[in-house]
Amino acid sequence: MAERIPLSLHVPEPAVRPGGRPDFQYLSIPQAGAVRRPPVDVPAHEIHDLAYSIIRVLNREGEAVGPWDPGLDAEAVKAGLRAMLKTRAFDARMMMAQRQGKTSFYMPSTGEEAVACGFQTALEKGDMNFPTYRQQGLLIAQDWPLVDMMCQVFSNERDRLMGRQLPVLYSAKEAGFFSVSGNLTTQFVQAVGWAMASAISGDTRIAAAWVGEGSTAESDFHAALVFASVYRPPVILNVVNNQWAISAFQGIAGGESATFAARAHGYGIPSLRVDGNDFLAVHAASSWAAERARRNLGATLIEWVTYRAGAHSTSDDPSRYRPKEESDAWPLGDPIERLKNHLIALGAWSEERHTQLRAEIEDEVLAAAREAEGYGTLHDGPKPSSAAMFEGVYKEMPRHLREQRQELGV
Amino acid sequence: MGVQILMPALSPTMTEGKLSRWLKKEGDEVKSGDVIAEIETDKATMEVEAVDEGKLTKILVPEGTEGVSVNSPIAELDGGGDTPSQGAAPGQDTAAPQQPAPPAAASHKVGEVAKQAEDHAAVAERGAQRGEGAAKAGEAAAAPEKDWGPTKPITVREALRDAMALEMRRDKDVFLMGEEVAQYQGAYKISQGLLDEFGPRRVIDTPITEHGFTGMAVGAAMTGLRPIVEYMTFNFSMQAIDQIINSAAKTLYMSGGQLGCPIVFRGPNGAAARVAAQHSQCYASWYAHVPGLKVVAPWSSADAKGLLRAAIRDPNPVIVLENEILYGHTFECPTADDFILPIGKAKIERPGKDVTIVAYSIAVTWAMQAAEALAKEGIEAEVINLRSIRPLDSETIAASVKKTNRLVTVEEGWPYANIGTEVAMQVIEAAFDWLDAPPVRVCGKDVPMPYAANLEKLALPTQPEIIEAVKRVTYK
């Protein structure tokens with residue numbers, strides 16, 4: 001009998017841990033403009049290379065280059081810049097509110113603003129996002145009232161979710177923002193179902209599913225791809241690869257073996273891998289996928305390559321598992337800085353105007369926070385109604401709940 | 001007048017932390033958003049950002065100080081105004097009218113949760129000491145449990161960690177897997193030090209898929225290893241419930257005895273604080289329903305250590321339902337190397353003659369508090385800590401009811417088909433003739449757990465509800 005070597009288990013380890021020098025050698029980054037732009041009706045097997053490259057538009061000089069340049073005018077670029085700045089200011093204000101005890105919990109999207117803010121530009125009224133907890137930019141980019149979002153975070157008397165849901169897990173049907181589930185990936189497959197329903201009923205609306213790279217390990221992710229492959233519903237399958245799932249680096253989710261965009265290949269779903277810190281590339285790729293969906297060509301998977309610059313949540317401390325300097329060393333830069341430089345390169349912007357806009361937005365966010373705090377915060381001021389706690393368990397309140405409510409005297 | 005900088009809370013359950021480092025010194029100018037200090041809890045290290053601006057005039061708590069209470073002043077700032085530090089940052093504040101609420105009131109409210117938690121711990125420990133003393137004196141209906149000799153105070157968190165470490169040293173087939181258990185040492189820091197001691201082959205960080213890693217662990221258990229599967233919260237085990245029920249629980253039976261599944265599924269169960277509907281459910285009823293599974297729910301540190309060790313050694317799948325709020329609580333725990341508790345045996349935490357209160361997990365704390373309050377009114381409640389949900393120690397419960405003739409059950413789970421229902425039915429079967437009043441169940445309201453603090457409080461059982469239930473069965 002042949003001699004057998006003892007087996008051993010492979011446990012992925014990140015390139016570097018706290019105290020080490022940031023190392024992103026695992027990421028191969030092509031020049032801006034280098035990746036081809038196929039027609040939207042391209043068969044999946046003809047664009048396998050696009051899942052192993054990175055679509056980029058903005059170069060180091062702030063110029064928009066290559067076939068994916070969407071040719072946005074200065075006003076559209078300014079709107080994107082404004083949405084990203086507003087998202088960042090909103091996050092900063094809410095992080096501070098948590099430290100002040102006004103809410104128990106918050107999750108910032110710092111560094112990833114271009115993904116949600118850029119994506120929303122490809123959607124139309126009636127389309128539906130199934131977001132995770134880091135896509136507040138989808139709401140902010142459509143000028144959804146900040147006060148409304150803050151009231152949810154503060155869980156006060158104006159909270160549209162009536163004090164029932166965790167902060168950040170917004171729900172705004174009319175904004176095409178499906179109620180966020182606290183459990184990972186459950187809604188990825190629901191988005192596919194929503195899109196199938198749109199196709200079944202002969203509607204024109206499309207859906208967008210959202211998941212982080214870590215959660216692609218969940219069974220629901222794979223089930224979603226099966227259905228998206230079989231029935232070709234109008235859905236965009238977004239995988240936000242921000243490199244870190246709390247302390248687990250992307251290798252724990254399988255990133256060492258293949259890109260997350262390449263997950264789509266086995267299912268025959270066209271797939272793109274895109275610079276998620278490049279607002280123009282995000283807009284262009286989202287529009288490409290949305291057009292495919294609207295033309296009944298089926299699902300597209302997009303991996304957004306970005307970096308979670310902040311903590312996972314207010315309960316997390318990233319310095320325990322990654323070098324503090326890693327964020328600054330991220331090779332795709334900061335999405336806001338990059339779009340600002342582009343606008344300056346277009347001759348439509350300046351550092352002074354940028355500083356002024358940022359100050360205006362910070363004032364706007366602060367004013368919204370003041371107003372929202374006036375309706376109550378976690379521990380102070382008006383509270384959600386106690387009687388309403390028993391409503392909405394069922395469509396109509398059963399007798400035993402009415403009795404429980406009466407026993408409590410609320 | 002100076003502004004006080006208060007010790008911040010990093011989570012709703014945090015009560016105190018260590019001030020590990022000052023990054024500013026007295027006399028330094030501080031801007032809003034500057035990192036001024038680092039604090040450390042048992043969960044994480046965090047940076048404290050300044051909310052107000054001004055000169056740091058005085059450091060009240062030197063670096064390295066442990067056990068600094070949330071909301072206690074840690075430094076003073078000469079802010080040039082009288083804005084309390086809990087308010088918004090100055091500079092921005094000047095544009096808006098002053099908040100009328102005095103700082104003391106604001107910080108008191110923030111600290112309320114923390115204080116309540118401390119009270120729970122204190123009452124529980126007093127009660128535990130009394131209960132144990134009385135049991136030794138022979139007042140309790142059931143036989144006193146084995147005397148394990150000397151004890152020392154440890155937290156439930158440490159007890160769970162010690163139990164795993166002891167069993168992993170004892171048996172090389174035992175290993176731990178789950179999300180964030182290795183490098184991060186557990187989302188709730190239960191696996192502290194285990195990666196260092198046992199290495200990445202036996203303390204394994206998994207991809208985010210409860211269904212996937214549970215199935216993998218069940219496979220490993222059937223191959224002869226003894227996995228401990230940690231769920232970040234038991235709510236996430238719902239993804240894996242098919243693996244737990246249809247494979248782990250039934251394969252010994254279905255394979256004609258060929259393939260057993262010696263495995264432990266553990267993690268925090270039930271409500272913590274401010275984690276809302278999808279993260280606050282009690283799974284005692286769900287898992288206790290299933291033949292082939294054993295279910296334990298530790299309350300004290302001794303429960304946690306003794307029951308988890310027994311669960312790891314058990315040849316069957318065992319569900320260990322922990323409680324996040326109890327993790328940081330300290331109880332006396334036997335130090336004996338061979339300390340272990342039998343699965344299926346309840347403990348009388350406090351002897352009494354007027355009413356039997358049956359509880360498990362954190363509800364034991366509430367029951368003990370209620371018993372203290374009732375004692376002042378002349379009602380002596382016997383409090384039974386179930387420890388084991390399945391098998392259920394019906395004998396101890398029935399013996400107690402035969403003495404007190406009255407039964408109240410307390411738990412945080414929903415009313416319908418809960419553990420109290422099972423306890424009451426078993427008492428009716430075994431001791432119907434001894435009952436002087438219909439049993440009463442005190443439990444969570446029949447609604448998904450809301451997030452808001454005021455609603456969450458209403459949704460959970462309260463001490464007045466327990467007292468009212470006792471008065472109902474004692475006709476007081």
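Every value quoted in this text rests on a predicted model; they were computed, and no experiment measured them.

(A) The arrangement of the overall build of chain B in detail. If you tally the helices and strands in chain B, you get 14 helices and 22 strands. Relative to its full complement of 476 residues, chain B shows a buried share of 59%. Contacts in chain B between residues at least 24 apart in sequence constitute 78% of all its contacts with a sequence separation of at least 6. Accessible area for chain B stands at about 18,600 Å²; split by element, carbon and sulfur atoms hold 53% of it.

(B) Geometry of the overall build of chain A. A tally of helices and strands in chain A yields 11 helices and 7 strands. Relative to a compact globule of 410 residues, whose C-alpha radius of gyration would be 22 Å, chain A shows 22 Å and is just as compact. A principal-axis box enclosing the C-alpha atoms of chain A has dimensions of 70 × 70 × 50 Å. Buried residues in chain A amount to 60% of all 410 residues. When contacts within chain A are restricted to residue pairs at least 6 apart in sequence, those whose partners lie at least 24 apart make up 74%. As displayed, chain A offers around 16,500 Å² of accessible surface, 50% of which is attributable to carbon and sulfur atoms.

(C) Main features of the environment of Leu19(B). All names here are of chain B. Mapping Leu19 onto the fold places it in strand S2 (residues 16-22). Here the alpha-carbon distance between Leu19 and Val61, two residues 42 residues apart in the chain, equals 7.6 Å. With residues near it in sequence (within four places) discarded, Leu19 still touches Ala37, Glu38, Ile39, Val61, Pro62, Glu63, Gly64, Thr65, Val68 and Ile74.

(D) Here's a closer look at the interface of chain B and chain A. Contact with chain B, which involves 63 residues of that partner, is made by 58 residues of chain A. Approximately 4,900 Å² of surface area, both sides summed, lies buried where chain B meets chain A, with 55% of it carried by carbon and sulfur atoms. Of all residues in chain B, Tyr184(B), Ile208(B) and Tyr451(B) give up the largest surface area on contact with chain A, accounting jointly for 14% of the area buried on that side. Scanning the region where chain B abuts chain A turns up 14 residue pairs in polar contact (both at pLDDT 80 or more). Elements represented by at least two residues in the side of chain B that touches chain A include exactly strand S5 (45-49), helix H1 (103-136), strand S11 (203-205), helix H4 (210-222) and helix H13 (453-459) of chain B. Counting residues per element, the side of chain B that touches chain A draws most heavily on H13(B), which supplies 5 residues. Here the residues of the side of chain B that touches chain A are counted per class, giving 35 nonpolar, 16 polar and 12 charged.

(E) A look at the confidence of the model for chain B. All names here are of chain B. A residue-level look at chain B finds 85% of positions with pLDDT of 70 or above and a mean pLDDT of 86. Counted against residues more than four places away or in other chains, residues 80-142, with its pLDDT under 50, gives 102 contacts. Overall fold confidence (pTM) sits at 0.82, and the ipTM for the predicted complex is 0.82.

(F) Molecular detail of the sheet that holds strand S17 (residues 347-350) of chain B. Residue and element names in this part refer to chain B. Read from one edge to the other, the open sheet built from 5 strands follows the order S17-S19-S18-S21-S22, with strand pairing classed as mixed. Each having just a single partner strand, S17 and strand S22 (440-442) make up the two edges of the open sheet. Strand-to-strand twist in this sheet, taken as the mean axis angle between neighbours without regard to direction, amounts to 25 degrees. One ladder, built from 3 bridges, connects S17 with strand S19 (residues 381-385); its direction is antiparallel. In the strand pairing of S19, Ile348 is matched with Ile384.

(G) Spatial organisation of the sheet that holds S5(B). All names here are of chain B. Spatial strand order, S5-S4-S2-S7: 4 strands in an open sheet with antiparallel pairing. With partners counted over all chains shown, the strands left at the sheet margins are S5 and strand S7 (65-69), one partner each. Taken over all neighbouring pairs, the strand axes of this sheet differ in orientation by 40 degrees on average, direction set aside. Inspection of the sheet shows strand S4 (residues 35-40) paired to S5 by 5 bridges, in the antiparallel sense. Bridged to Glu40 within S5 is Thr45.

(H) Geometry of helix H7 (residues 279-294) of chain A. Residue and element names in this part refer to chain A. Here H7 contains 16 residues, and its C-alpha end-to-end distance of 22 Å stays within 8% of the 22 Å for a straight helix at 1.5 Å per residue. For H7, the tally of buried residues reaches 13 of 16 residues, placing the bulk of the element in the interior. For H7, the capping residue at the N-terminal end is Asp278, with a side-chain oxygen 3.1 Å from the backbone nitrogen of Leu280.

(I) Up close: the pattern of salt bridges. Residue and element names in this part refer to chain A. Counted by the stated rule, this structure contains 47 salt bridges over all chains. Residue Arg36 is joined to Asp49 by a salt bridge in which the shortest nitrogen-to-oxygen separation is 2.8 Å. One end of the pair, Arg36, is in the segment before helix H1 (74-99); the other, Asp49, is in the segment before H1, with 13 residues separating them in the sequence. By relative accessible area, which is 38% here, Arg36 ends up partly exposed. One salt bridge connects Arg405 with Glu391, and the closest N-O pair in it is separated by 4.0 Å. Residue Arg405 is found in helix H11 (residues 399-408), and its partner Glu391 is found in the loop between helix H10 (351-374) and H11; the two are separated by 14 residues along the sequence. Because the salt bridges share partners, they merge into one network encompassing Arg56, Asp275, Asp278 and Arg338.

(J) Structural view of unusual backbone geometry. Cis rather than trans, the peptide bond between Arg390(B) and Pro391(B) has omega equal to 0 degrees. For Asn296(A), which is not a glycine, the phi torsion comes out positive at approximately 65 degrees. In this fold, Asn296(A) is placed in the loop between H7 and strand S7 (300-305). We classify Asn296(A) as exposed; its relative accessible area is 60%. With a phi angle near 55 degrees, Arg274(B) is a residue other than glycine that sits in the positive phi range.

(K) Quick look at the packing of aromatic side chains. Evaluation of the coordinates by the stated rule reveals 23 aromatic pairs over all chains. Residues Tyr321(A) and Tyr184(B) carry aromatic rings whose centres are separated by 5.7 Å and whose planes lie at 65 degrees to one another, so their mutual orientation is edge-to-face. A residue pair is termed interchain when its members come from two chains, as with Tyr321(A) in the loop between S7 and helix H8 (326-329) and Tyr184(B) in the loop between strand S10 (174-178) and helix H3 (194-198). The residues Tyr321(A) and Tyr184(B) share a single accessibility class, namely buried. Both rings, one in Trp148(B) and one in Phe339(B), keep their centres 5.3 Å apart while their planes meet at 85 degrees; by these two values the pair is edge-to-face. Residue Trp148(B) is located in the loop between H1 and strand S9 (151-155), and its partner Phe339(B) is located in the loop between strand S16 (330-334) and S17; the two are separated by 191 residues in the primary sequence. Like Trp148(B), the residue Phe339(B) is buried in the burial classification. Each residue in the set Phe213(B), Tyr231(B), Phe234(B), Phe265(B), Tyr283(B), Trp286(B) and Tyr287(B) is aromatic and connected to the rest through ring pairs, giving one cluster. Above the ring of Trp148(B), the side-chain terminus of Lys146(B) is found at 3.9 Å from the ring centroid.

(L) A look at the packing of H1(A) against helix H9 (residues 335-345) of chain A. Residues and elements named next belong to chain A. H9 packs onto H1 with a crossing angle of 155 degrees between their chain directions and a minimal axis gap of 10 Å. Here H1 lies roughly antiparallel to H9, going by the angle between them. Handedness of the crossing formed by H1 with H9: left-handed. Contacts from Ala74, Val77, Lys78, Gly80, Leu81, Met84, Leu85 and Arg88 in H1 reach Pro335, Ile336, Leu339, Lys340, His342 and Leu343 in H9. In terms of residue class, the contact of H1 with H9 is built from 9 nonpolar, 2 polar and 3 charged.

(M) Representation of the nonpolar core. Counting residues in hydrophobic clusters, the biggest one holds 84 residues, and the most contacted among them are Trp68(A), Phe90(A), Met150(A), Tyr170(A), Leu272(A) and Trp304(A). One finds Ala165(B), Leu326(B), Phe339(B) and Ala371(B) within the second-largest nonpolar core, a separate group that totals 64 residues.

(N) The arrangement of a nonpolar patch on the surface in detail. Among the surface-exposed residues, Val226(A), Phe227(A), Val230(A) and Tyr231(A) lie close enough to one another that they form a single nonpolar patch of about 380 Å² accessible area. With respect to the secondary-structure elements, Phe227(A) resides in helix H6 (residues 219-231).

(O) The arrangement of the environment of Pro108(A) in detail. Residues and elements named next belong to chain A. With respect to the helices and strands, the residue Pro108 is situated in the loop between H1 and helix H2 (113-120). Owing to a relative accessible area of 3%, Pro108 belongs among the buried residues under this scheme. Between the C-alpha atom of Pro108 and that of Gln135, which follows or precedes it by 27 residues, the distance is 9.3 Å. Leaving out residues up to four positions away in the same chain, Pro108 has contacts with Asp91, Met95, Arg134, Gln136, Ala311, His312 and Ser313.

The rules behind the values
Residues numbered from 1 in each chain as written. Chains lettered and ligands numbered in written order. Predicted model: local features only at pLDDT ≥ 70, side-chain atom pairs only at ≥ 80, totals over all residues. Heavy atoms only, no water. Helix = DSSP H or I, 4+ residues; strand = E, 2+ residues; numbered from the N terminus. Buried < 20%, exposed > 50% of the residue type's maximum accessible area, 1.4 Å probe, protein only. Contact = heavy atoms within 4.5 Å. Areas by Shrake-Rupley, 256 points an atom, 1.4 Å probe, with all protein chains shown as cover. Rg over C-alpha atoms; globule rule 2.2 N^0.38 Å. Buried area = accessible area lost by both parts, 1.4 Å probe. Polar contact = N/O pair within 3.5 Å; in protein donor to acceptor, adjacent residues only side chain to side chain. Nonpolar A, V, L, I, M, F, W, Y, C, P; charged D, E, K, R; others polar. pLDDT = per-residue confidence, 0-100. Pairing = 2+ DSSP bridges. Axes fitted to C-alpha atoms, helices over the stretch in contact; angles between N-to-C directions. Expected span 1.5 Å × (residues − 1). Salt bridge = Lys/Arg side-chain N within 4 Å of Asp/Glu carboxyl O. Phe/Tyr/Trp six-rings, centres within 6.5 Å; stacked < 30°, edge-to-face > 60°. Lys NZ or Arg CZ within 6 Å of the ring centre and 35° of its normal. Parallel < 35°, antiparallel > 145°, perpendicular 65-115°, else oblique. Left-handed = near helix turned anticlockwise from the far one by under 90°. Core = buried A, V, L, I, M, F, W, Y, C linked by side-chain atoms within 4.5 Å. Patch = residues over 30% accessible without salt bridge, like charges linked within 9 Å, V, L, I, M, F, W, Y side chains within 5 Å.

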